[in-house]
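Chain residues, written in single-letter form:
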Amino acid sequence: MTKLCCLPKGQKARITKLCTATHPHEDLERRMVEFGLHEDAEIEVLHTGSGGHGPIAVRVNEMVVALRRTEAGCVTVEPLAAHQGQAYQGQPVAA
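Residues numbered from 1 in each chain as written. Predicted model: local features only at pLDDT ≥ 70, side-chain atom pairs only at ≥ 80, totals over all residues. Heavy atoms only, no water.

1. Focus: the overall build of the protein
Phase 1 of the analysis: Per the secondary structure count, the protein includes two helices and six strands.
Phase 2 of the analysis: Mapped in sequence order, the helices and strands of the protein form the string β-β-α-β-β-β-α-β.
Phase 3 of the analysis: Summarising the internal contacts of the protein: among those between residues at least 6 apart in sequence, 65% fall at separations of at least 24. (Helix = DSSP H or I, 4+ residues; strand = E, 2+ residues; numbered from the N terminus. Contact = heavy atoms within 4.5 Å.)

2. Some details on the environment of histidine 38
Phase 1 of the analysis: Summarising the element assignment, histidine 38 is placed in the loop between helix H1 (28–34) and strand E3 (42–47).
Phase 2 of the analysis: With a relative accessible area of 35%, histidine 38 lands in the partly exposed category.
Phase 3 of the analysis: Separated by 23 residues in the primary sequence, histidine 38 and isoleucine 15 place their C-alpha atoms 6.6 Å from one another.
Phase 4 of the analysis: Ignoring any residue separated from it by four or fewer positions in sequence, one finds histidine 38 in contact with Ile15, Leu18 and Val33. (Buried < 20%, exposed > 50% of the residue type's maximum accessible area, 1.4 Å probe, protein only.)

3. With respect to the side chain of threonine 76
Phase 1 of the analysis: Here threonine 76 shows up in strand E6 (residues 75–79).
Phase 2 of the analysis: Overall, threonine 76 belongs to the buried group, its relative accessible area being 7%.

4. A closer look at the pairing of strand E2 (residues 12–18)
Phase 1 of the analysis: Here E2 pairs with E3 via three bridges, running antiparallel. Looking at E3, one finds that alanine 13 is bridged to isoleucine 43.
Phase 2 of the analysis: With five bridges joining them, E2 and E6 adopt antiparallel strand pairing. Each residue of the ladder has a partner; that of isoleucine 15, found in E6, is valine 77. (Pairing = 2+ DSSP bridges.)

5. Remarks on the sheet that holds strand E4 (residues 56–60)
Phase 1 of the analysis: Taken together, the six strands give an open sheet; going across it, the order is E1-E6-E2-E3-E4-E5, and neighbouring strands pair in antiparallel fashion. Single-partner strands in this sheet number two, and they are strand E1 (2–3) and strand E5 (63–67).
Phase 2 of the analysis: Two strands pair when backbone bridges link them, and E4 and E5 are joined in this way by five bridges, in the antiparallel orientation. Bridging from a neighbouring strand, alanine 57 pairs with alanine 66 of E5.

6. Quick look at unusual backbone geometry
Phase 1 of the analysis: Backbone geometry places aspartate 40, a non-glycine residue, at a positive phi of 80°.
Phase 2 of the analysis: The residue aspartate 40 is located in the loop between H1 and E3 in this model.
Phase 3 of the analysis: Notably, asparagine 61 is not glycine yet its phi reads approximately 55°, a positive angle.
Phase 4 of the analysis: Summarising the element assignment, asparagine 61 is placed in the loop between E4 and E5.
Phase 5 of the analysis: By relative accessible area, asparagine 61 is classed as exposed at 58%.

7. Remarks on the pattern of salt bridges
Phase 1 of the analysis: Under the definition given, this model contains five salt bridges.
Phase 2 of the analysis: In this structure, arginine 14 engages glutamate 42 in a salt bridge whose closest nitrogen and oxygen atoms are separated by 2.6 Å. Separated by 28 residues along the polypeptide, arginine 14 in strand E2 and glutamate 42 in strand E3 bring together distant segments of the chain.
Phase 3 of the analysis: By relative accessible area, which is 46% here, glutamate 42 ends up partly exposed.
Phase 4 of the analysis: The salt bridge partner of glutamate 44 is arginine 59, with a shortest N-O separation of 3.2 Å. Residue glutamate 44 is located in strand E3, and its partner arginine 59 is located in strand E4; the two are separated by 15 residues in the primary sequence.
Phase 5 of the analysis: You can call arginine 59 partly exposed: its relative accessible area is 36%.
Phase 6 of the analysis: A single salt-bridge network, built from bridges that share partners, covers Arg31, Arg68 and Glu71. (Salt bridge = Lys/Arg side-chain N within 4 Å of Asp/Glu carboxyl O.)

And the structure:
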């Protein structure tokens, strides 16, 4: 498992945990759930910003949602499929 902010463009994943307690915005988890970002939701990374900075755009259901990189760092995911023919090589997240 890894954080959403670490996934490359085109990667599909399943959300395993929202850990928004460390984020300064109190309503972050509620907002994410309203957009369909909840445990077991399947997502696809559509945009990651140049040089690994800036917002991340993901598709969840039929909606495109943009997240700040700090918000995406609060989402733990499990990559679902190989990205561009190669297995995902991201950093694992400690449980």
